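For reference, the chains in residue letters:
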Amino acid sequence: QVHLVESGGGLVQAGGSLRLSCAASGGFVNAYTMGWFRRAPGKEREYVASINWSGNSCADSVKGRFTISRDNAKNTMFLQMNRLEPEDTAIYYCAADRRATLWSIGSDYDYWGQGTQVTVSS
């Protein structure tokens, strides 16, 4: 059983930056496909980025602004978010799954964190 805990969310002005962390226990981040998803108020859950042994991928809406990475020694995944926009306001969730691919949808992931709120003011 993998346990995931997100942190790093907060309130930031448009154009600012935040770095989200996802600390894992009960499993090693380099043994799973790890992903970031978000849910904005009144909207469905949306894919943001993912990373595994084969590389990483991200949604077109965040390409060039968000970077996903992981630190195997800390067993932690990160999402560096730059040039934030009000449209990025959402609860951000990290997820993990052994069989997911970089392009898997949210329902393919077995393990989820509790989420961290990101609010971008205009």
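Above this text is the structure in question.
None of these values were measured; they are calculated from a predicted model. (Residues numbered from 1 in each chain as written. Predicted model: local features only at pLDDT ≥ 70, side-chain atom pairs only at ≥ 80, totals over all residues. Heavy atoms only, no water.)

(A) Looking closely at the state of the cysteines. Across all of its chains, the model carries one disulfide by this definition. Paired by a disulfide, Cys22 and Cys94 hold their sulfur atoms 2.1 Å apart. With the S-S bond torsion at 60 degrees, the cross-link from Cys22 to Cys94 turns out right-handed. Residue Cys22 is found in strand E3 (residues 18–25), and its partner Cys94 is found in strand E9 (residues 90–97); the two are separated by 72 residues along the sequence. The exposure class assigned to Cys22 is buried, which follows from its relative accessible area of 0%. Unpaired in this structure, Cys58 has its nearest cysteine sulfur neighbour in Cys94, at a distance of 17 Å. (Disulfide = S-S within 2.5 Å. Helix = DSSP H or I, 4+ residues; strand = E, 2+ residues; numbered from the N terminus. Buried < 20%, exposed > 50% of the residue type's maximum accessible area, 1.4 Å probe, protein only.)

(B) Focus on the sheet that holds strand E7 (residues 66–71). Across the sheet, four strands lie side by side as E1-E3-E8-E7; this open sheet has antiparallel pairing. The sheet terminates laterally at strand E1 (3–7) and E7, the two strands that pair on one side only. Here the average twist between neighbouring strands, direction ignored, is 15 degrees. Two strands pair when backbone bridges link them, and E3 and strand E8 (residues 76–81) are joined in this way by six bridges, in the antiparallel orientation. Bridge assignment links Arg19 to a residue of E8, and that residue is Gln80. (Pairing = 2+ DSSP bridges. Axes fitted to C-alpha atoms, helices over the stretch in contact; angles between N-to-C directions.)

(C) Representation of the environment of Arg70. Locating Arg70 in the fold gives a position in strand E7. By relative accessible area, which is 24% here, Arg70 ends up partly exposed. When near neighbours in sequence (up to four residues on either side) are disregarded, Arg70 contacts Val29, Asn30, Tyr32, Ile51, Asn52, Trp53, Thr76, Met77 and Phe78. Of the polar contacts made by the side chain of Arg70, one reaches the side chain of Asn72; its length is 3.4 Å. (Contact = heavy atoms within 4.5 Å. Polar contact = N/O pair within 3.5 Å; in protein donor to acceptor, adjacent residues only side chain to side chain.)

(D) Quick peek at the side chain of Asn75. Looking at the element boundaries, Asn75 is found in the loop between E7 and E8. The buried category is assigned to Asn75, whose relative accessible area is 12%. One polar contact links the side chain of Asn75 to the main-chain carbonyl oxygen of Gly27, over a distance of 2.8 Å. Apart from the residues lying within four places of it in its own chain, the contact partners of Asn75 are Cys22, Ala23, Ala24, Ser25, Gly27, Phe28 and Val29.

Remember that the coordinates give geometry; whether it matters functionally is a separate question.
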